There are 2 protein chains.
Amino acid sequence: MKIGVIGGGQLGRMLALAGTPLGMNFAFLDPAPDACAAPLGEHLRADYGDQDHLRQLADEVDLVTFEFESVPAETVAFLSQFVPVYPSADALRIARDRLFEKSLFRDLGIPTPAFADILSQADLDAAVASIGLPAVLKTRTLGYDGKGQKVLRTAADVVDTFAELGSVPCLLEGFVPFTGEVSLIAVRGRDGETRFYPLVHNTHDSGILRLSVASDAHPLQALAEDYVGRVLDKLDYVGVMAFEFFEVDGGLKANEIAPRVHNSGHWTIEGAECSQFENHLRAVAGLPLGSTAKVGESAMLNFIGEVPDVARTVAIDDCHLHHYGKAFKVGRKVGHATLRCHDMPSLRAKIAEVEALIAG
Amino acid sequence: MKIGVIGGGQLGRMLALAGTPLGMNFAFLDPAPDACAAPLGEHLRADYGDQDHLRQLADEVDLVTFEFESVPAETVAFLSQFVPVYPSADALRIARDRLFEKSLFRDLGIPTPAFADILSQADLDAAVASIGLPAVLKTRTLGYDGKGQKVLRTAADVVDTFAELGSVPCLLEGFVPFTGEVSLIAVRGRDGETRFYPLVHNTHDSGILRLSVASDAHPLQALAEDYVGRVLDKLDYVGVMAFEFFEVDGGLKANEIAPRVHNSGHWTIEGAECSQFENHLRAVAGLPLGSTAKVGESAMLNFIGEVPDVARTVAIDDCHLHHYGKAFKVGRKVGHATLRCHDMPSLRAKIAEVEALIAG
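This one's a predicted model, so the numbers in the text were calculated from it and none came from an experiment.

Criteria and cut-off values
Residues numbered from 1 in each chain as written. Chains lettered and ligands numbered in written order. Predicted model: local features only at pLDDT ≥ 70, side-chain atom pairs only at ≥ 80, totals over all residues. Heavy atoms only, no water. Helix = DSSP H or I, 4+ residues; strand = E, 2+ residues; numbered from the N terminus. Buried < 20%, exposed > 50% of the residue type's maximum accessible area, 1.4 Å probe, protein only. Contact = heavy atoms within 4.5 Å. Areas by Shrake-Rupley, 256 points an atom, 1.4 Å probe, with all protein chains shown as cover. Lys, Arg positive; Asp, Glu negative; His and termini not counted. Charge placed at Lys NZ, Arg CZ, Asp CG, Glu CD. Pairing = 2+ DSSP bridges. Axes fitted to C-alpha atoms, helices over the stretch in contact; angles between N-to-C directions. Salt bridge = Lys/Arg side-chain N within 4 Å of Asp/Glu carboxyl O. 1 Å grid on protein atoms, 1.4 Å probe; cavity = no way out; pocket = protein on both sides within 12 Å on 5 of 7 lines; lining within 4 Å. Points joined across faces, edges and corners; volume = space filled by probe spheres on them. Nonpolar A, V, L, I, M, F, W, Y, C, P; charged D, E, K, R; others polar. Buried area = accessible area lost by both parts, 1.4 Å probe. Polar contact = N/O pair within 3.5 Å; in protein donor to acceptor, adjacent residues only side chain to side chain. Least-squares fit on C-alpha atoms with pLDDT ≥ 70 in both.

## A short note on the overall build of chain A
Phase 1: When you go through chain A residue by residue, the secondary structure sums to 13 helices and 17 strands.
Phase 2: In terms of overall dimensions, chain A has C-alpha extents of about 55 × 55 × 40 Å along its principal axes.
Phase 3: Out of the 360 residues in chain A, the part that is buried amounts to 59%.
Phase 4: The long-range share in chain A, meaning contacts at least 24 apart out of those at least 6 apart in sequence, stands at 61%.
Phase 5: Counting only carbon and sulfur atoms, one obtains 51% of the accessible surface of chain A, whose full area is about 13300 Å².
Phase 6: Across chain A, the 32 positively charged side chains and the 48 negatively charged ones have centroids separated by 1 Å.

Right, here's the structure in full:
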């Protein structure tokens, strides 16, 4: 079976590493000459709107999936004429737009921060008056890793901010006094079977994920599964979805979804019986899903900007290096480490060890 | 770091899957147009004696390693002029010739079946008179998976047998009434550090490995490590070596070595903290070695001739499929499954389940 992937970054790379042992081959459509998934499959170097290459991809593969949600709707629609596409155009349409996403949460009874659609500075001023400060203004589409958003704390922060974010459609979100950020990685098969990984505690810095720790019997696991299950079933979703929540007052408020494998699920490569990458491929290929149970206690630390010295990294017991083969650049995710230990105290000690390595 | 691999079969394929997350790239020299490692790196399609392509490989990579031991000595000598080669020419020279191998065992005080060098039918007749029957005649070089050998049970079996095996240099080995076959996978770094995986029980059928089960605190572990350590140190070996033993009268007799990653170590991908593939690459690259400790209880079942239906295979809990992407052909190793369970009784049950699947 040959899988087409729109995007050829580290997620595509890890999909190929997981799918090759299932007998799958891969083709990546990515305009970047140095797409880091390219060494693991065929690389169609073309823009995402290039219909000739999209058609070529569709003709070559058995199905198409995505590495990121900001794929143009036209691309998805075009591909869907010729080849099965998972997740569906509808799921991508909703996940790529914060307004659609938040509206879906509201419609399904899933708690989410107060929000308002912002199409002008006047909209913003009115919404701030209604929702209050602090609040966060985010572009409705194309934001990632803290890009395309601004925290508004005082009235002065609001002035001209719509123009500052590019005068594009935005969403204003009320600030949530959260005590923690967690994500739930879920997978749903073509037949509707759904499985959930354990909730993951995430720590961000400057909007970029730094640390994910897989939880052990989290008290909010069942609640999170209930919320995510509603979205998956509503969208008749196929594949892996990541769902980010704020922990607030002992409950959960939905932040956002990613209709794809997700950074906060990278620990599953070593830390779960079947990784998010293999389970995404099983789902889209119509295969039975794999076990989402943990193997030991796991955490993931991102390498941002550069990968620490390889010899020093692999010298740490229980540490599994994932080097993305990308050029090092400030603020860029270029690799991660998974730690898998027998117990939580050992895991905490190892996290400190890798953090010290990163700090240099 | 770019690694050159002589041979582009499933061992090269699994080396690339293990090395890519370490940030390594791969080039495979293999004359086969459909070499199954090719999708995971550069494929130099050329004969092993093709000096132009060997030189190209040497120029492109940081070091060269091998997927099989039958590499022509001239190939190794030629490459060694331009690029580091691991394991060394000397280790390959010994491992590729059963006479050199058995002589090394004897010199190092490692018990091994009685043997005699056979260069003619007269040699064979004399050796049979001395060693007795039953015995096994094997070509000194190029044998694998039971090919290039014949079991001699009666005097009639001996007649013309030297010609039958091609009138090439052979070794006669006395038959050993073994109670089991075990292998020890070892890895030795450039600095001499050595680690051993748990002993593996192997079951063969028609000379082809069918089942490997990683043992739990095997009583002969220390003895096997002592024997294998002698060989590794004597050869100043770098990389993974597999050492096959017969279990005889509660002790061990050395059968043969493979100077490479080995089929009986495939279970380590899921079943050990660091797989034989990653450890081989760590060793040859001069990186610290990884832990050889088990993760749960593991076994490996080979898929010979064909891979069972993928959906039915991955539907088995605790079963990890490794499809080599090769054309199916009678007697050919085309994939394997690793089973990783919490305890031995569960493992036994799962082995039966996969065996039933294979039996179809």
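## Some details on the sheet that holds strand 6 (residues 135-139) of chain B
All names here are of chain B.
Phase 1: With antiparallel pairing, 4 strands are arranged side by side in an open sheet as 5-8-6-7. Sheet topology places strand 5 (115-118) and strand 7 (149-152) at the edges, where each strand pairs with a single neighbour. The mean angle between the axes of side-by-side strands here comes to 20°, regardless of whether they run parallel or antiparallel.
Phase 2: Here strand 5 runs beside strand 8 (residues 170-174); their pairing, made up of 4 bridges, is antiparallel. Looking at the pairing, F115 lines up with E173 of strand 8.

## With respect to unusual backbone geometry
All names here are of chain A.
Phase 1: With an omega of -10°, the peptide bond running from Y86 to P87 counts as cis.
Phase 2: Examined against the element boundaries, P87 turns out to sit in the loop between helix 3 (73-80) and helix 4 (89-95).
Phase 3: For the bond from L133 to P134, the omega torsion is -5°, close enough to zero to count as cis.
Phase 4: Considering the arrangement of structural elements, one finds P134 in the loop between helix 6 (121-131) and strand 6 (135-139).
Phase 5: Even without being a glycine, S206 presents a positive backbone phi close to 55°.
Phase 6: When you line up the elements, S206 lands in the loop between strand 11 (200-205) and strand 12 (208-214).

## Looking at the pattern of salt bridges
Phase 1: Under the definition given, this model contains 40 salt bridges over all chains.
Phase 2: Taking the shortest distance from any N to any O, the salt bridge between E297(A) and K294(A) comes out at 2.7 Å.
Phase 3: Overall, E297(A) belongs to the buried group, its relative accessible area being 10%.
Phase 4: We note a salt bridge from E273(B) to R340(A), for which the minimum N-O separation is 3.1 Å. One end of the pair, E273(B), is in the loop between helix 10 (268-271) and helix 11 (276-284); the other, R340(A), is in strand 17 (residues 333-341), on a second chain.

## Here we look at empty space enclosed by the protein
Phase 1: Enumeration according to the criterion identifies 4 cavities of 30 Å³ or more in this entry.
Phase 2: Roughly 840 Å³ of internal volume is contained in the largest cavity.
Phase 3: Contributing to the lining of the largest cavity are 35 residues, with I269(A), E270(A), L17(B), I269(B) and E270(B) lying nearest its centre.
Phase 4: Looking at the lining of the largest cavity residue by residue, the class counts come to 20 nonpolar, 7 polar and 8 charged.
Phase 5: The computed volume of the second largest cavity comes to approximately 100 Å³.
Phase 6: What lines the second largest cavity is a set of 13 residues, and nearest its centre among them are D318(A), C319(A), R282(B), G290(B) and S291(B).
Phase 7: When residues of the lining of the second largest cavity are traced back to their parent elements, those giving at least two are strand 16 (319-323) of chain A together with helix 11 of chain B.
Phase 8: Residues of the lining of the second largest cavity, tallied by class, amount to 5 nonpolar, 3 polar and 5 charged.

## Here's the deal with the environment of A163(A)
Phase 1: By secondary structure assignment, the location of A163(A) is in helix 8 (residues 161-164).
Phase 2: A residue is classified by how much of its surface remains accessible, and A163(A), at 48% relative accessible area, is partly exposed.

## Topic: the interface of chain B and chain A
Phase 1: Tallying the contact residues gives 27 residues for chain B and 27 residues for chain A.
Phase 2: For the pair chain B and chain A, the summed buried area comes to about 2500 Å², and 56% of that belongs to carbon and sulfur atoms.
Phase 3: On the chain B side of the interface with chain A, the three residues burying the most area are P21(B), E273(B) and V314(B), jointly 20% of the side's total.
Phase 4: In this assembly, chain B and chain A are joined by 8 residue pairs in polar contact (both at pLDDT 80 or more).
Phase 5: Elements represented by at least two residues in the side of chain B that touches chain A include exactly helix 1 (10-19), helix 12 (310-314) and strand 16 (319-323) of chain B.
Phase 6: Residue composition of the side of chain B that touches chain A, grouped by class: 15 nonpolar, 7 polar and 5 charged.

## With respect to the relation of the copies chain B and chain A
In this structure, two copies of a chain are linked by a rotation about an axis accompanied by a shift along it.
Phase 1: It takes a turn of 180° to lay chain B on chain A, together with a shift of 0.0 Å along the axis; the resulting RMSD is 0.0 Å. Both copies of the chain, as the preceding transformation shows, are related through a two-fold rotation axis. Closest to the rotation axis within chain B is the C-alpha of L40(B), separated from it by 2.3 Å.

## Overview of the sheet that holds strand 7 (residues 149-152) of chain A
Residues and elements named next belong to chain A.
Phase 1: Here we have 4 strands laid out as an open sheet, ordered 5-8-6-7, and antiparallel in their pairing. Each edge of the sheet is formed by a strand with only one pairing partner; in this case those strands are strand 5 (115-118) and strand 7. Strand-to-strand twist across the sheet, computed as the mean angle between neighbouring axes with direction ignored, equals 20°.
Phase 2: Bridge count for strand 6 against strand 8 (residues 170-174) is 5 bridges, and the pairing is antiparallel. Bridge pairing in strand 8 places T139 opposite C170.
Phase 3: Against the sheet, helix 6 makes contact with strand 5, strand 6, strand 7 and strand 8, and its axis sits at roughly 170° relative to strand 5, the strand it touches most.

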